Amino acid sequence: MRTILYLIRKEFLQIFRDKFIGKAIFGVPIVQMLLLVPAVTFEINNVRLCIIDRDMTTESRELVNQLEGSTFFKVRFATFSEQEANNLLHRGKCDLVLQIPPGFGKETGIGNPGRILVSVNAINAVNAQLSWAYLNGVIRDYNMNIVAENTGSLTFGSFPQIQISNRYWYNELLNYKYYMLPGVLGILVLAIGFLLAGLNLVKEKESGTIEQINVTPVKKYHFIIAKMVPFLIIGLIDLAVGLIIGKLTFNIPFEGSIAILFLGSAIFMVAVLGLALFISTFSGTQQQFMFTAFFFIIIFVLMSGIFTPLESMPLWAQKFDLINPAAYVMRINRMVMLKGSTFQDISRDIWSLTLIAIAFTALAVNRYRKTA
Amino acid sequence: MKKFGNFVANDNLNFEVYEGEIFGFLGANGAGKTTAIRILSGLSESTSGEVIVAGYNAKKQPEQIKKNIGYMCQKFSLYADLTVKENIMLYGGIYGMRKALIRERTDILLNKLNFREYGDRFISDLPLGLKQKLAFSVAVMHEPKIVFLDEPTGGVDPITRRQFWEMIYETAARDITVFVTTHYMDEAEYCDRISIMSEGKIVALDTPVELKKQYDAESVEEVFVKIARPGNTPHPTPISSRGEGE
């Protein structure tokens, strides 16, 4: 036990003596939070429209006005040439082309369905779907108005219809910052643990200092644990820094218990550190390690559910996420922060993550060789 | 024996080292000295054969061996970004020494090396000679039974080399066996016994005086040149017939 303390002391001395790392471990979380949380959003504000109005009636005018009135759309171009419109779409000058064919006003006037044609730039599938959904909403409203107007004596209210009032639970305002922030906290801790700890061990290999350790009676698990503890502590401090920034700048709600959030992240970090050290036992150079680490980090983050919901991933991807520690921490962070989940609510995730952490650490200890 | 793929780095090495002696391990570059020393200190495993160090079997009790040996790598391997005192403290702690004892030894060590003012300096700021002396002191700080020194004086100035050998003598006087490789033949003369390796085999092993007599040479250097140059057929000296025991 005393040996571990001596080793941990050594690691801390070395980390904070490195002028760059010593500062970066506190600078990185601040910058990441301030940049990523507001930058990564699924909200769409300025969908640029190109209108081809071949109808030129009050009805078509009204539809265009209604689109212009919404906060999502900006009518950028109006033309009569389909070719020009397609060209604009092609060059990325507009996101959506709306064609109103001649007779639109007349048809709707006499009670036949009016037709319009919409082309969406779907290079970004998420954007395309969202702008389509917004457009649909506007047209639905417009439809209602026509119906109300054309049914003359009948008042709109007397129609048999269903009125939906909805509430978005756990994120009432559908604020994407609230959705992203818990995820960014996970990424932050992941990057620090994975890269710093792994590189640290490989650096000892490169400089040869590990040889001097390997001829001593140091136990393998002592050495691995001593490599983990400092980064675990730094990671949790970074988490605290991130939370404080979240509170101060984005006024992030915090429904659950801070202790459970830290517990989840601590277990997550052990898993990440275990895997990083396991990989570093294979790596001869820092370059090799970085390359492998990058591979894992990308997979872990993109499949974690931070951007896309886990439920919409293919089944095999969901199966993979059973061993993806980042998927657990995303869920735990969001559940605790936005929903106020208690330990009982997320105990399954906590226990699974614990198993992963133990497994990865065991692999690292097992794979670390004092004798080549 | 140690094989790397098809290459036999150490072939049929049979030798014993007595307690408290200074054993010089000579050989040309690439003769297999470092491989042998890495096997003896537990950094590498032998492909076949039996290795007993400080009374323990290298295959069965490697951790027992590690408690009882010191090792100084050919490549300097204390932590450059820690101070002298911090390095001493770390290795003292790893070998399970009490804090008070580490302090006491640190004091003695720094005094003996005239290192007092260097205690809080970073290792990276020390000149090579001091680094080597420090590495040696750290390697024997926990009073091991045997210490392995892999070319400890490579690149070191003659005065420091002399001081280094004084340290080696002092260490041997404390009944710590010193196993040392070197390319300096004057240093070989200081050893109690020397062995000379060539192409993975030990081709000579005796006291410097005996070897010079056998090979009709003025100095160990002459002996070395006569037998260690690759391609030379070594003088048939039957090593295994020499009765040795600990």
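Residues numbered from 1 in each chain as written. Chains lettered and ligands numbered in written order. Predicted model: local features only at pLDDT ≥ 70, side-chain atom pairs only at ≥ 80, totals over all residues.

Caption draft 1: Region of the structure containing the overall build of chain A. When helices and strands are tallied, chain A shows 14 helices and four strands. Relative to a compact globule of 372 residues, whose C-alpha radius of gyration would be 21 Å, chain A shows 28 Å and is clearly more extended. Looking at the 372 residues of chain A, the share that counts as buried comes to 36%. A separation of at least 24 residues holds for 80% of the contacts in chain A among residues at least 6 apart in sequence. (Helix = DSSP H or I, 4+ residues; strand = E, 2+ residues; numbered from the N terminus. Rg over C-alpha atoms; globule rule 2.2 N^0.38 Å. Buried ≥ 20, exposed ≤ 12 C-beta atoms within 10 Å, placed from the backbone. Contact = placed C-beta atoms within 7 Å.)

Caption draft 2: The arrangement of the overall build of chain B in detail. Helices and strands together make up the secondary structure of chain B, namely nine helices and 10 strands. Along the first, second and third principal axes, the C-alpha set of chain B runs to 55 × 40 × 30 Å. The burial tally for chain B puts 43% of its 246 residues in the buried class. Taking all contacts inside chain B whose residues are at least 6 apart in sequence as the whole, residues at least 24 apart take part in 69%.

Caption draft 3: Highlighting unusual backbone geometry. Residues and elements named next belong to chain B. Positioned with a positive phi, glutamate 151 is a non-glycine residue whose angle comes to about 45 degrees. By secondary structure assignment, the location of glutamate 151 is in the loop between strand E7 (146–150) and helix H6 (158–173). Owing to 21 C-beta atoms within 10 Å, glutamate 151 belongs among the buried residues under this scheme. Positive phi outside glycine occurs at aspartate 175, with the angle close to 70 degrees. Structurally, aspartate 175 is set in the loop between H6 and strand E8 (177–181).

Caption draft 4: The domain arrangement of chain A, seen in detail. Domain annotation for chain A reports domain 1 (2–40 + 173–367) and domain 2 (47–158). Taking only C-alpha atoms, the centre of domain 1 of chain A and the centre of domain 2 of chain A are 48 Å apart. (Domains from an automatic or database assignment.)

Caption draft 5: Local environment of the sheet that holds E8(B). All names here are of chain B. Ordered by their spatial adjacency, six strands build an open sheet running E6-E7-E8-E3-E9-E10, and the pairing between neighbours is mixed. Edge positions in the sheet fall to strand E6 (69–72) and strand E10 (201–206), since each of these pairs with one other strand and no more. Along the sheet, successive strands turn relative to each other by an average axial angle of 15 degrees, direction set aside. Bridge analysis of strand E3 (residues 22–27) against E8 gives four bridges, and the strand direction is parallel. Opposite glycine 24, over in E8, you have valine 180 as the bridge partner. (Pairing = 2+ DSSP bridges. Axes fitted to C-alpha atoms, helices over the stretch in contact; angles between N-to-C directions.)

Caption draft 6: Summary view of the sheet that holds strand E4 (residues 117–120) of chain A. All names here are of chain A. An order of E2-E1-E3-E4 is seen for the four strands of this open sheet, with the pairing classed as mixed. The sheet is open, and its two borders are formed by strand E2 (73–78) and E4, each paired with just one other strand. Pairs of neighbouring strands in the sheet enclose a mean axial angle of 25 degrees, with direction left out of account. One ladder, built from five bridges, connects strand E1 (residues 47–53) with strand E3 (residues 96–100); its direction is parallel.

Caption draft 7: The arrangement of the environment of B:Ile227 in detail. Residues and elements named next belong to chain B. In this structure, isoleucine 227 sits in helix H9 (residues 220–228). Judged by C-beta crowding, with 20 C-beta atoms within 10 Å, isoleucine 227 ranks as buried. Spatially, the C-alpha atom of isoleucine 227 lies 43 Å from that of tyrosine 118, the residues being 109 residues apart in sequence.

Caption draft 8: Expanded view of helix H9 (residues 220–250) of chain A. Taking 1.5 Å per residue, 31 residues should reach 45 Å; H9(A) reaches 44 Å between its end C-alpha atoms and fits that length. Positive backbone phi, at 50 degrees, marks A:Asn251, one or two positions downstream of H9(A). (Expected span 1.5 Å × (residues − 1).)

Caption draft 9: Inspection of the interface of chain A and chain B at higher detail. Each partner contributes residues to the interface: chain A has 18 residues there, and chain B has 24 residues. Within the residue set of the side of chain A that touches chain B, elements represented by two or more residues are helix H1 (2–17) and helix H8 (209–214) of chain A. Tallying contributions element by element places H1(A) first for the side of chain A that touches chain B, with seven residues.

Caption draft 10: A look at the packing of helix H2 (residues 19–39) of chain A against helix H7 (residues 176–207) of chain A. Residue and element names in this part refer to chain A. Remark: H2 packs on H7, axes separated minimally by 9 Å, with the N-to-C direction vectors making an angle of 150 degrees. Classed by the angle they form, the pair H2 and H7 counts as roughly antiparallel. Where H2 crosses over H7, the two elements pack in a sense that is right-handed. Together, Ile25, Pro29, Gln32, Met33, Leu36, Val37 and Pro38 of H2 and Lys177, Met180, Leu181, Val184, Leu188 and Ile192 of H7 make up the contact between the two elements. Of the residues belonging to the contact of H2 with H7, the class tally is 11 nonpolar, one polar and one charged. (Parallel < 35°, antiparallel > 145°, perpendicular 65-115°, else oblique. Left-handed = near helix turned anticlockwise from the far one by under 90°. Nonpolar A, V, L, I, M, F, W, Y, C, P; charged D, E, K, R; others polar.)

Caption draft 11: Inspection of the environment of A:Ile279 at higher detail. Residue and element names in this part refer to chain A. Examined against the element boundaries, isoleucine 279 turns out to sit in helix H10 (residues 258–282). With 88 residues separating them in the primary sequence, isoleucine 279 and arginine 367 have C-alpha atoms 9.2 Å apart. Not counting residues within four places of it along the chain, the set of residues in contact with isoleucine 279 comprises Gly198, Phe289, Thr292 and Ala293.

Caption draft 12: Expanded view of the nonpolar core. By size, the foremost hydrophobic cluster in this structure holds 134 residues, and its most contacted members are A:Ala271, A:Leu273, B:Val147, B:Phe148 and B:Phe179. Considering every element that reaches this core, the biggest residue donor is H7(A), with 15 residues. Every residue in contact with A:Ala271, bar those within four places of it in the chain, is listed here: A:Pro325, A:Leu353, A:Ile356, A:Ala357 and A:Phe360. One finds A:Ile52, A:Leu88, A:Leu96 and A:Leu98 within the second-largest nonpolar core, a separate group that totals 17 residues. (Core = buried A, V, L, I, M, F, W, Y, C linked by C-beta atoms within 7 Å.)

Caption draft 13: The confidence of the model for chain B, seen in detail. Scored by pLDDT, chain B comes out at a mean of 86, with 90% of its residues at no less than 70. Confidence over residues 236–246 of chain B falls short of pLDDT 50; this stretch has 10 contacts with residues more than four positions distant or in other chains. (pLDDT = per-residue confidence, 0-100.)

Caption draft 14: Highlighting the domain arrangement of chain B. All names here are of chain B. Once the domains are mapped, chain B shows domain 1 (1–68 + 146–246) and domain 2 (79–143). Facing the 13 residues of domain 1 at the interface are eight residues of domain 2. Elements with a minimum of two residues in the side of domain 1 that touches domain 2: E7 and H6. Residue composition of the side of domain 1 that touches domain 2, grouped by class: seven nonpolar, five polar and one charged.

Caption draft 15: Main features of the environment of A:Thr281. Assignment of secondary structure puts A:Thr281 in helix H10. Residues A:Thr281 and A:Leu355 lie 74 residues apart in sequence; the distance between their C-alpha atoms is 21 Å.

Caption draft 16: The pairing of E3(A), seen in detail. Residue and element names in this part refer to chain A. Counted residue by residue, E3 has four buried out of five residues, so it is predominantly covered. One ladder, built from four bridges, connects E3 with E4; its direction is antiparallel. Within the sheet, the bridge partner assigned to leucine 98 lies in E4 and is valine 118.

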